[in-house]
Structures are given as C-alpha cells and as structure tokens.
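# Report on the structure
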Amino acid sequence: MSEWDKTKRKWKNMNPPDYRGYYRCPICNIDVHESEMVLDHIEPVGMGGSPSKKNNLKNLQPAHWGCNSEKGSRRNYKHGEIKNKRPRS
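Residues numbered from 1 in each chain as written. Predicted model: local features only at pLDDT ≥ 70, side-chain atom pairs only at ≥ 80, totals over all residues. Heavy atoms only, no water.

## Thoughts on the overall build of the chain
Across its full length, the chain carries 2 helices and 4 strands. Shown N-terminal to C-terminal, the secondary structure of the chain runs as helices and strands in the order α-β-β-β-β-α. Expressed as a percentage of the 89 residues in the chain, the buried residues total 28%. For the chain, contacts bridging at least 24 residues in sequence account for 53% of all contacts bridging at least 6. Counting only carbon and sulfur atoms, one obtains 49% of the accessible surface of the chain, whose full area is about 6,400 Å². (Helix = DSSP H or I, 4+ residues; strand = E, 2+ residues; numbered from the N terminus. Buried < 20%, exposed > 50% of the residue type's maximum accessible area, 1.4 Å probe, protein only. Contact = heavy atoms within 4.5 Å. Areas by Shrake-Rupley, 256 points an atom, 1.4 Å probe, with all protein chains shown as cover.)

Here it is, written out as structure tokens:
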C-alpha cells in the first residue's frame, strides 16, 4: 500500500461521514457521498506547497472529483469563480 493510500485511509478513519454516508464539499458547499469523495489538498502541493503538506491530515478536505479538478492548484477557491469571471469588453 502506498504512503498516499495510507494517508487517505487514516484521514477517513479520523473523519467519518455523516450518518447517511456523506461529507460536505467545501468548494461547492454540496454533499458528496463517501463513495464519490476525493481528498483535496487545501494548500496545493503542486504549486509551491511544502512536500510535508502532501500527507498532512490537516491539509486535506473532502471534495467532489469535479470540484477538485476545477480548483486545480488554487488556494481558497470557491466553485464557479473562474467560470463567472469573464473579461469586460
């Protein structure tokens, strides 16, 4: 088992879902079922975040796959911020 898999398992054990099996995605503020949930790095590791943050349990949050993908390597990103910002003509 990889180090990342161990970290994910530990995070899930320390942060169980609600009684229905859901987490709250902080990016879009909508529930995500545990079977569809991915872990997002709050402080992105890929864009200058410390490598020690990669497996830091406090640097992880539940998210939808699409929300995590849309957020990419941004910090403090909320769903739709990029899509709703169009250049003025």
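## Observations regarding the nonpolar core
Looking at soluble globular proteins, one finds that nonpolar side chains tend to be buried together. Trp11, Tyr23, Cys25, Ile27, Cys28, Val32, Met37, Leu39, Leu60, Ala63, Cys67 and Tyr77 form the largest nonpolar core, which has 12 residues in total. For this core, the secondary structure elements donating two or more residues are β1 (22–25), β3 (37–41) and β4 (60–64). (Core = buried A, V, L, I, M, F, W, Y, C linked by side-chain atoms within 4.5 Å.)

## Description of the side chain of Asn59
In this fold, Asn59 is placed in the loop between β3 and β4. There is a polar contact of 2.7 Å between the side chain of Asn59 and the backbone nitrogen of Glu43. The contacts of Asn59, once residues within four sequence positions are left out, are Asp40, His41, Ile42, Glu43 and Lys53. (Polar contact = N/O pair within 3.5 Å; in protein donor to acceptor, adjacent residues only side chain to side chain.)

Fair warning: the whole summary comes from geometry, so function is off the table for now.
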